[in-house]
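# Report on the structure
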Amino acid sequence: MLQQADGHGSGSDAHGGEALREGLQEFLGGEASLQQLDDLTKVNPVTLETVLRCLQARYMADTFYTNAGCTLVALNPFKPVPQLYSPELMREYHAASQPQTLKPHIFTVGEQTYRNVRSLIEPVNQSIVVSGESGAGKTWTSRCLMKFYAMVAASPTSWESHKVAERIEQRILNSNPIMEAFGNACTLRNNNSSRFGKFIQLQLNGAQQMTGAAVQTYLLEKTRVACQAPSERNFHIFYQIYKGARADERVQWRLPEGAAFSWLPHPERTLEEDCFEVTREAMLHLGIDAPTQNNIFQALAGLLHLGNTRFADSGNEAQPCPLVDDAQCQGSVGTSALLLGLPEDHLLETLRIRTIRAGRDQQVFRKPCSQAECDTRRDCLAKLVYARLFDWLVSVINSSICATPDSWTTFIGLLDVYGFESFPNNSLEQLCINYANEKLQQHFVAHYLRAQQEEYAVEGLAWSFVSYQDNQPCLDLIEGSPVSICSLLNEECRLNRPSSAAQLQTRIESALTGRPRLGRDRLSPEPSFTVLHYAGPVRYSTAGLVEKNKDPVPLELTRLLQQSQDPLLKVLFPADPEEKSQEEPSGQNRAPVLTVVSKFKASLEQLLQVLHSTTPHYIRCIKPNSQAQVQIFHREEVLSQLEACGLVETIHISAAGFPIRVSHRNFLERYKLLRRLRPATTPGPHGPCPAGGQSAPRAPGRLCCCFSSAASPLATAVSREALGS
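The structure presented is a predicted model; accordingly, all values stated were derived computationally and were not measured. (Residues numbered from 1 in each chain as written. Predicted model: local features only at pLDDT ≥ 70, side-chain atom pairs only at ≥ 80, totals over all residues. Heavy atoms only, no water.)

### Quick look at the overall build of the chain
We apply this condition: Only DSSP runs of H or I covering at least 4 residues are called helices, and only runs of E covering at least 2 are called strands; the numbering of each starts at the N terminus. Each residue gets one of three labels from its accessible area relative to the maximum for its type: buried under 20%, exposed over 50%, partly exposed in between, using a 1.4 Å probe on protein chains only. Any two residues having at least one pair of non-hydrogen atoms within 4.5 Å are treated as being in contact.
Assigned secondary structure in the chain consists of 26 helices and 16 strands. The buried share among the 725 residues of the chain stands at 50%. Partitioning the contacts of the chain with sequence separation of at least 6, the portion at a separation of at least 24 is 70%.

Okay, here's the thing in structure tokens:
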């Protein structure tokens, strides 16, 4: 008998506890057999210890995938395992009559979603949520799933349609290296960390052939262009052009061998992701020709030189800040201006002089910037160019791979978002990232842990409720109404008043006092607040939070870039006639501030609406150790990840629940032939059968049959057929 998580069981507590201990010792005694358990619902008793030992035994035996009821657990091997993702293995899972009988794999999940879309009865859009900490293997998992779908969904009959499908498949796969080059970076925890979120919609026609795809991105960490944490790197693409440029390109882009750039830390590291040719080839396949590529890389080189521009304190606030008296710095402004197609004097003036309009007549004043303001404007210029370039690349990719609305009927969505993050210094980027992870965890809780148990109760099935950790209090703290962390940050931006980091900390603590998920590190040397996330506590520094949330872009910078003679920047910053009449408003005329948090929250809500309209599937990526070492399994680190995602509760519900759940209408539609073939029966004590031998209508309810492990042979056979097809 399965021991429930809430402790409900027969007999006294003492007897139950003794039985649990005996069962635990007996289970753990068979260490050799642990690696054979391919589904954690077979673990008995279900505890964190037994689940942990089972995963460890399988990991040490090079078995990296394990089922956990509705979830697939994926352990990062931290080494190449090519045979695990070969085309032959893809075809094996695709051709299997019942893929769930094969070894657990991401291809099992992929095939199940593909068959669900193929269902003749009510095809439903599918989604796969790939979650886990940074470095757990989410990007690799999404990449392999895309390859799987590209293979199984591109098998048309005619040669002409085969060539079309092959071209679409290649374009979809080529979008990966481009987005990873421009959106991924080496961090403390992961050499190829996604610094943005993406939802990839694979579009299928009525014949279940892939006709196209669409990419939606979320919150690019553009601050990384101008600011990299210690021991971390900038985006991969900067290292690719720095290391992979040909001799003539080095001359054109002003990238001599061994040149030092402030925004290019640790160029001596050699990573697999530094391969420039892969990115170039992928861009060609997506229609970005060589001249356009040259413009892109030249602009990126211009940003690197811009990062070498440093300002000194003028000592007189009426005078502009001079450049640092250094040969490299003095030449960097001119080089950056040349590569970006800008006049050097205009670039320097825009970085050092603010234009202010004041008074009833909107009189223009020119005010020299402080040294800190000059640095901020320089960084803002770089972030603005890179963010526009990234969005343009996404639009180019979508225009190349997206199908027309009338050419597809269903889709399979792949969600790959940044994992939960906690660093020594956490700011708005980490707050948004962890907020997104909280929302996705809540989606899982609502869709599976809570909804499934409530459905059993509505259906009148015998069920002992399994307790679980609900992260709603944490979401209320971050986004709740009327007062939350997000609302306080947005209000500070709206008021546009001077505010120190200490004042912001005091306001958050006083306004949100008593919230169970708000903590404070009293030993912290700097103003901060702590959020007790589902995956663990994170301390956020209040310094710079409001400014980052405003994300202000001085109008002078946009106008400067609109004057660029570079063909690419002309596309990224088209001249807007209306903008000439727009000046920075002041006082009561100021428009509502559209903050980073507001935009991110809106995009998250839109994403969740899409997920709620699909049938979701979950892949939990687990990081065996934080050093990315092969065959090392740190129990404490894995244990914290298992606790955070509620895996044990998931196993309890899956093991004690009903794995086969079919709606009444779909069940009747699929098996109506069996009703016609059944022999005539005598009317039972409840009255005669309705005319025509039809069953009386069932009371409203969602489930027709719920088959447990003790179901009859006929019921089990029928249920297996329903699941397999």
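From this point, things continue past the structure.
### A look at the pattern of salt bridges
Counted only if it meets this: The salt bridge criterion pairs a side-chain nitrogen of Lys or Arg with a carboxyl oxygen of Asp or Glu, the two atoms within 4 Å.
Going through the model one piece at a time under the given rule, you end up with 37 salt bridges. Among the ionic pairs, D38 bridges to K42, the shortest N-O distance being 3.1 Å. Of the charged contacts in the structure, one is a salt bridge between R539 and D521, with a shortest N-O distance of 3.9 Å. Taken as a pair, R539 in strand β13 (residues 536–541) and D521 in the loop between β11 (518–519) and β12 (528–533) lie far apart in primary sequence, 18 residues in all. On the accessibility criterion, R539 (23% relative accessible area) is partly exposed. A cluster of three or more residues bridged by salt bridges with shared partners is formed by R195, E221, R224, E232 and E421.

### A few points about the packing of helix α11 (residues 290–307) against helix α14 (residues 371–401)
As a reminder, the rule being used: Fitted lines through C-alpha atoms serve as axes, helices being fitted only where they are in contact, and the angles separating the N-to-C directions of these axes extend from 0 to 180 degrees. Should an angle fall under 35 degrees it is taken as roughly parallel, and over 145 as roughly antiparallel, whereas 65 to 115 is taken as roughly perpendicular and any remaining angle as oblique. For any helix crossing, the convention is left-handed if the near helix is rotated counterclockwise from the far helix by under a right angle, and right-handed if that rotation is clockwise. Amino acids are sorted into nonpolar (Ala, Val, Leu, Ile, Met, Phe, Trp, Tyr, Cys and Pro), charged (Asp, Glu, Lys and Arg) and polar (every other residue, Gly among them).
Contact geometry for α11 and α14: axes closest at 10 Å, N-to-C directions at 160°. With respect to each other, α11 and α14 are oriented roughly antiparallel. α11 and α14 meet at a crossing whose hand is left-handed. From α11, T292, I296, L300, L303 and L306 reach across to α14, where they touch R378, L381, A382, V385, Y386, L389, W392 and L393. Split by residue class, the contact of α11 with α14 holds 11 nonpolar, 1 polar and 1 charged.

### Some words on the sheet that holds β11
By definition, the strands of a sheet pair up through backbone hydrogen bonds, in either a parallel or an antiparallel sense. What counts here: Strand pairing is defined by DSSP finding a minimum of two bridges between the two strands.
Taken in spatial order, the 3 strands line up as β11-β12-β13 in an open sheet, and their pairing is antiparallel. Each edge of the sheet is formed by a strand with only one pairing partner; in this case those strands are β11 and β13. Alignment of β11 against β12, held across 2 bridges, turns out to be antiparallel. Bridging from a neighbouring strand, L518 pairs with V531 of β12.

### Description of the packing of aromatic side chains
The test is simple: Each aromatic pair joins two rings of Phe, Tyr and Trp (for Trp, the six-membered one) with centres within 6.5 Å, and gets the label stacked for planes under 30 degrees apart, edge-to-face for over 60, and tilted for any other angle. The criterion is that NZ of a Lys, or CZ of an Arg, lies within 6 Å of the ring centre and within 35 degrees of the ring normal, and then a charge sits over that ring.
Applying the stated criterion across every chain yields a total of 18 aromatic pairs. Their ring planes at 75° and their centres at 6.1 Å tell us that Y93 and F107 sit as a pair that is edge-to-face. With Y93 in helix α4 (residues 87–95) and F107 in helix α5 (residues 106–118), this residue pair connects regions lying 14 residues apart in the sequence. Neither Y93 nor F107 differs from the other in exposure class; each is buried. Connected via pairs of aromatic rings, a cluster forms that spans Y85, Y93, F107, W140, F148 and Y149. Sitting above the plane of the F444 ring, R620 keeps its charged end 4.7 Å from the centroid.

### Points about the pairing of strand β2 (residues 71–75)
Burial analysis of β2 places 5 of its 5 residues in the buried class, the great majority of the element. Alternating positions in β2 separate into two faces, T71, V73 and L75 on one and L72 and A74 on the other, with burial throughout. Where strand β1 (residues 65–68) meets β2, 4 bridges bridge the pair, whose relative direction is antiparallel. Its bridge partner being in β2, N67 is matched across the sheet by L72. A loop of 2 residues connects β1 with β2, the two strands running antiparallel in sequence, and G69 in this loop sits at a positive phi of about 70°. With 5 bridges joining them, β2 and strand β14 (residues 615–622) adopt parallel strand pairing. Following the sheet pairing, L72 is matched in β14 by I619.

### Section: the side chain of E492
Short version of the rule: In protein, a polar contact means a hydrogen-donor-capable atom and an acceptor-capable atom, both N or O and within 3.5 Å, with residues adjacent in sequence counting only if both atoms are side-chain atoms; elsewhere, any N or O pair within 3.5 Å suffices.
Mapped onto the elements, E492 comes out in helix α17 (residues 485–495). Here the side chain of E492 touches R497 through a polar contact of 2.9 Å, side chain to side chain.

### Concerning the UniProt feature "binding site: ATP" (unreviewed entry) in the chain
Basically, it comes down to this: UniProt positions are given in the numbering used here, feature names are shortened, and annotations may be inferred rather than shown by experiment.
UniProt feature "binding site: ATP" (unreviewed entry): in the numbering of this structure it lies at G132, E133, S134, G135, A136, G137, K138 and T139. By the secondary structure assignment, G135 is in the loop between β3 (126–132) and α6 (138–152). Sequence-distant contacts of G135, that is, excluding residues within four places in its chain, are made with N76, F78, R189, N190 and K623. For T139, the location among the structural elements is in helix α6. Taking relative accessible area as the criterion, T139 reaches 11% and is therefore assigned buried. Ignoring any residue separated from it by four or fewer positions in sequence, one finds T139 in contact with E180, N184, N192, S194 and D416.

### Remarks on the packing of helix α3 (residues 48–60) against helix α23 (residues 635–644)
The contact between α3 and α23 brings their axes to 11 Å, and the two run at 120°. The angle between the axes of α3 and α23 places the two elements in the oblique class. Here the hand of the crossing between α3 and α23 comes out right-handed. When α3 is examined against α23, the residues L48, E49, V51, L52, R53, L55 and Q56 are found in contact with a partner set consisting of R635, V638, L639, L642 and E643. Considering only residue class, the contact of α3 with α23 consists of 7 nonpolar, 1 polar and 4 charged.

### So, the environment of P265
Within the secondary structure layout, P265 lies in the loop between α9 (247–253) and α10 (276–285). A relative accessible area of 19% places P265 in the buried class. Along the chain, P265 and A229 lie 36 residues apart, while their C-alpha atoms are 9.6 Å from each other. Residues contacting P265, with those up to four places away along its chain left out, are Q228, E232, R233, N234 and Y239.

### Description of the sheet that holds strand β10 (residues 410–416)
Taken in spatial order, the 7 strands line up as β1-β2-β14-β3-β10-β6-β7 in an open sheet, and their pairing is mixed. Looking at the sheet topology across the chains shown, the edges are occupied by β1 and β7 (210–218). Between one strand and the next, the sheet's axes are offset by a mean angle of 20°, whatever the strand orientation. Bridging between β3 and β10 involves 5 bridges; their strand directions are parallel. Looking at the pairing, V129 lines up with L415 of β10. Sitting on the sheet, helix α15 (residues 428–458) is in contact with β2, β10 and β14, with an inclination near 125° to β14.

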